[in-house]
Amino acid sequence: MAALKNRLPHIKEKQQYIDALNRLAMLSHLRYKDSCLVYASKAMSLSEQAGYKKGIADALNCEAIYYMSVNNYLSARYFNDALQLYRQLEDRENEAQLLMNLSVLLYTNNNPAEAVKYIYRAEKLSRSLQNDSIRSIILSDILTLDHKLPLAKYKAYYDEGLGIAKKHKDYRMIISYENNRGTLLYNDGRKAEGIAILERSEKLADSVGCEYVQTTAFMTLGEMMLDLKRNHEGIAYYEKGLQHSELYGYPESYTIFADRLYQFYKAQGDSRSALKYLSLLQLQQNKIQESMSKSGFNYVNYVEKDNEIDSLEKHRDFQTQLLIVLGTLLIALLGIAFLYYRLNQSKKKSASIQQQLQEALSKHNTELEAQVQFNNMLITVLAHDVRQPFSNVIMATELFTSPNDIPEDQKSYILKELELTARQSMFFMDGVLSWIKSKESGYAFGTEPIHLAEMVQEANSFFVPVQRRKDIVFHSAVPPSSVLNTSKMVLLFVLRNILNNATSYSPAGASIDVHVTHSNDYSTVSVTDTGRGMSAKAAANLFRISHKQESKGKKGAGVALALSYEMMARIGGSIAVESTEGKGTVFYIKIPTDPNLGSTAHN
């Protein structure tokens, strides 16, 4: 990867440059997953401009690999599009690779029967390839996916695949075949020998930087240790695998490790530990579900997992509630025994107490559900709003670490931009913390005099780099004299989310305009863009938490907009939207002139 990056600026021929970008994307996917998407997207843009079909197919393949287990719908769509292009180009090697990738996607999506069909189609096609390096990977996948493979066939595929890997000095595949050999020996009854091989291959994978293979070894070793009732060692391997999956961006492995840890602790009756891993599992599944909703493809909600979390929370408080109920019943029984003649009154009292307990339990459950929803929304907002400034920082640091010399004036400019981004990010985090504290105090937001023109520029500063790249013209007609007495944190949060939407969904060369009007009771800020707009149905549901966005593949602010709507209501204001498909969108932010309106506007 380092050699390719150094060579990239010196490649003059366009198709060779695109091939290098796609190669970088492919190499990145096992360690730098975000870089995989960045390089693939750039290669796709250049390939479409040049009409280079192979470049488009390669970029689609890399994008599909990036989305695997994050958005399986997009992954399958891109794989199939790439497969059709490779068939048009009669590129048998990449056709075999795509069939193999589709088999892995089907397997991770819990469809093993179809996965086996696709991997054998890839194997059949790979027999006639001149470059047999891809066949080594296909044969390794067969050993993993086909659990009904006869032993003689297993050994034949193993020997052939290992021989190809050694011929090409493909250390990742050599270690993978060692993992398979250890598993085979373990299943054949030579358990200690199999475990020893896997432990050696795990250390070898770590030493040569094969993190994905090492993660796979953690999973297999964890299974073996639990099978031998060596639970402590097995759980330790699962936890290492979970950490590796999160560190290097393997969502499919992360989900499996989290689920197995949850199932283990659930079976042990350890509710606290089970809840911890179930929460991690659901968080990962919610990310996948959110990505699915943004691509226009809906999956079944994880209602069963939500119910399990609720059940675990109730189990934690069960003993306390049981003592309360038993104490109440004891008092009632003593009253009945001591005052028999007041039987009817005692019964009524007992019924009243039980009703109070039921109401208290119902209230507790409602508060618990609200807290879970609040935490999920908070995580989503952090993931949405913190990513943009971090992306700016990463791009700037990549410029400083590149081999090309950067003029001093440009360095000074970049450092100022980094400082501004860091300060704005710190303010954003302070705002989020204030939001959390306000929830504990009944959503009481503090007010202060705010210069609206400065606030608009501050909110938009997050998105200036993107607007420059897309040639979007940003214009604020807010006069410097406009001063509002309101919550700075709320208004900045709302403005930033609306400007983010306007920037994200506007095409190159579009415009974004901000105006303000004043009345006796309210000031109204309007944000107008000339983007693609939205349907009347989408606009009507835009501020609902359950809204499934119509955008495909782009990062939207569905939850953040719903939170913006709620926060404006807390300070006595409101948000409205008008939009026409193909023409653009106008957001109206209505802010009360009298800050006391916010104290009674929303219960």
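The present account deals with the structure reproduced in this document.

Analysis parameters
- Starting from 1, residues in each chain are numbered consecutively following that chain's sequence as written.
- Only residues with pLDDT of 70 or above have their local features reported here, since the model is predicted, and side-chain atom pairs are shown and tallied only from 80 upward, although totals for entire chains, interfaces and linings are computed over all residues.
- Note that water and hydrogens are dropped before the side-chain values are worked out from all heavy atoms of the structure.
- Put simply, a nonpolar core is a bunch of buried Ala, Val, Leu, Ile, Met, Phe, Trp, Tyr and Cys residues held in one set by side-chain atoms that sit within 4.5 Å of each other.
- Under the scheme applied here, a residue whose accessible area is under 20% of the maximum for its type counts as buried, over 50% as exposed, and between as partly exposed, the area being computed with a 1.4 Å probe on protein chains only.
- Only DSSP runs of H or I covering at least 4 residues are called helices, and only runs of E covering at least 2 are called strands; the numbering of each starts at the N terminus.
- Two residues qualify as a contact provided that any one of their heavy atoms is within 4.5 Å of a heavy atom in the partner residue.
- In what follows, salt bridge is the name for a side-chain nitrogen of Lys or Arg lying within 4 Å of a carboxyl oxygen of Asp or Glu.
- Whether two strands pair comes down to DSSP finding at least two bridges between them.
- Here an angle of 0 to 180 degrees is reported between the N-to-C directions of two axes, which are lines fitted to C-alpha atoms, with helices fitted over the stretch in contact.
- Here, two cysteine sulfur atoms that lie within 2.5 Å of each other are counted as a disulfide.

What to know about the nonpolar core
Grouped together as the largest cluster of nonpolar side chains are 59 residues, with contacts concentrated most on Leu60, Phe79, Met100, Ile138, Ile142, Leu143 and Tyr177. Residue contributions to this core peak at 9 residues, all from helix H4 (residues 53-67). Sequence-distant contacts of Leu143, defined by excluding residues within four places in its chain, comprise Leu149, Tyr154, Tyr157, Tyr158, Tyr177 and Asn180. Counting residues in each nonpolar core, the second largest holds 42 residues, with Met455, Phe474, Leu542 and Ile591 among its members.

Focus on the pattern of salt bridges
Counted under the stated rule, the structure contains 14 salt bridges. Here Arg135 ties to Glu123 by a salt bridge, and the two come within 3.0 Å at their closest N and O atoms. You can see Arg135 sitting in helix H8 (residues 133-145) and its partner Glu123 sitting in helix H7 (residues 112-126), a full 12 residues away along the chain. Here the two residues Arg135 and Glu123 agree in accessibility, since each one is buried. Across the salt bridge formed by Arg260 and Glu223, the nearest N and O atoms sit 2.4 Å from each other. In this pair, Arg260 sits in helix H14 (residues 251-268) while Glu223 sits in helix H12 (residues 211-227), placing the two residues 37 residues apart along the sequence. Here Arg260 falls in the partly exposed class, since its relative accessible area comes to 28%.

A look at the sheet that holds strand S7 (residues 584-592)
Here 5 strands make up an open sheet; going across it, the order is S2-S4-S5-S7-S6 and the pairing mixed. The outermost strands of the open sheet, each flanked by one partner alone, are strand S2 (473-476) and strand S6 (574-580). Shown here is a sheet whose adjacent strand axes are inclined to one another by a mean of 15°, direction ignored. Here helix H20 (residues 452-460) sits on the sheet in contact with S2, strand S4 (511-518) and strand S5 (522-529), set at roughly 160° to S2.

Some thoughts on the state of the cysteines
Inspection of the entire model under this criterion finds 0 disulfides. Free of any disulfide, Cys62 has its nearest neighbouring cysteine sulfur in Cys36, separated by 5.2 Å.

A closer look at the environment of Thr108
With respect to the helices and strands, Thr108 occurs in helix H6 (residues 92-108). For the pair Thr108 and Ser253, spaced 145 residues apart in sequence, the C-alpha separation works out to 9.2 Å.

Description of unusual backbone geometry
Positive phi is not limited to glycine here, since Glu90 has a value of about 55°. Following the sequence through the fold, Glu90 ends up in the loop between helix H5 (72-88) and H6. Residue classification places Glu90 among the exposed positions, given a relative accessible area of 60%. Phi at Asp471 is positive, roughly 55°, even though this residue is not glycine. Within the element layout of this structure, Asp471 appears in the loop between helix H21 (464-469) and S2.

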